[in-house]
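So you can see what is in the structure, the chains are spelled out below.
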Amino acid sequence: MTDPMKLAYEERGSGPVLLMIHGFPFDRRQWFPQVAGLADIRTCVAVDLRGHGLSLDEEPRDYSMDLFADDIAATLEDIGVDQADIAGLSMGGYVAFALWRRHRARVRSLILSDTKPEADSDEAKAGRDAAAKAILDEGMAKFHAGLGPKLMGDDPSADAVERIEQMFVDTDPGVAAAVAIAMRDRQDSTSDLGTIDVPTLWLHGEQDKLMPIDDARARAEAVAGARFIAIPGAGHVPTLENPDAVSTAMREFLTT
Ligand code: MLT
């Protein structure tokens, strides 16, 4: 049993806390445009999940979406706030669902981006095993060469491409392999959608090749009152591919 840890994070702004959770294999930088763009209305806190960025973990093991959610709760406790607006992108969304299950009193509102509630299929689980092995055998640059282009929309900016590649190669392979296995074993969150009773914004890149937008739209309909916004010109990482559209959508949601 691994104890929750207080995470490292980027903080900017003042007011109620907006805590942002990155996907795989990324870190706090995945949300940097929104940290800068929303600091006038929120205390923006972009965390590095355990083992990523500055949340160092010498010995990655026992990773799970539940443990990551417990780390978020411990971090909010340390910051000294009872509740936060919680934003999660892709795997960050899986963690947000776990946070909702385990610590829902901490969640003032939810912003989900390019994520899905379903657990992995058997085929996807086998893919995770292969990915973990490839990461350990061949490293993050090779992993990026295979997966990186699939994350992008049709015409990504050079800036987005570069930022995404940098986060891949900065991620410790031992951590990335452990996280791939944690995602393989994650719980199905589909039945949780109907229990979400906080304001929810669901964003999705129009050109997301990993998670088709029509599936996401249908899932969002299961959350009472959720707003769904398609982000144009973006694939799986809209926060970096079309940062202004994401920040505008979040600002409108958080201020109305
Ligand atoms: C992510 O961006 O976090 C990943 O695509 C999630 C996944 O592999 O399921």
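Provided above is the structure to which this section pertains.
Only a predicted model underlies this, so the values are computations on that prediction, with no experimental measurement involved.

## With respect to the site of the ligand
Surveying the vicinity of the ligand reveals the residues Gly 23, Phe 24, Ser 90, Met 91, Tyr 94, Arg 128, Met 183, Leu 210 and His 236. Contact between the ligand and Phe 24: an oxygen atom at 2.7 Å from a main-chain N or O atom of the residue. Summarising the interface, the protein chains cover 92% of the accessible area of the ligand, which totals 270 Å² for the free molecule. Under a 2 Å grid-point criterion requiring more than half of the atoms, the pocket assigned to the ligand is the largest pocket. The class makeup of the residues in the shell around the ligand is five nonpolar, three polar and one charged.

## Points about the environment of Thr 190
Its place among the elements puts Thr 190 in the loop between helix H7 (173–184) and strand E6 (200–205). Look at Thr 190 and you get partly exposed, because its relative accessible area is 36%. In this structure, the C-alpha to C-alpha distance between Thr 190 and Ala 145, residues 45 residues apart in sequence, is 32 Å.

## Focus on the side chain of Ser 189
Relative to the helices and strands, Ser 189 is located in the loop between H7 and E6. Excluding its chain neighbours within four sequence positions, the residues that come into contact with Ser 189 are Phe 97, Arg 101 and Pro 117.

Rules of the game
- Residues numbered from 1 in each chain as written.
- Predicted model: local features only at pLDDT ≥ 70, side-chain atom pairs only at ≥ 80, totals over all residues.
- Heavy atoms only, no water.
- Near = heavy atom within 4 Å.
- Polar contact = N/O pair within 3.5 Å; in protein donor to acceptor, adjacent residues only side chain to side chain.
- Areas by Shrake-Rupley, 256 points an atom, 1.4 Å probe, with all protein chains shown as cover.
- 1 Å grid on protein atoms, 1.4 Å probe; cavity = no way out; pocket = protein on both sides within 12 Å on 5 of 7 lines; lining within 4 Å.
- Sits in = over half its atoms within 2 Å of the grid points.
- Nonpolar A, V, L, I, M, F, W, Y, C, P; charged D, E, K, R; others polar.
- Helix = DSSP H or I, 4+ residues; strand = E, 2+ residues; numbered from the N terminus.
- Buried < 20%, exposed > 50% of the residue type's maximum accessible area, 1.4 Å probe, protein only.
- Contact = heavy atoms within 4.5 Å.

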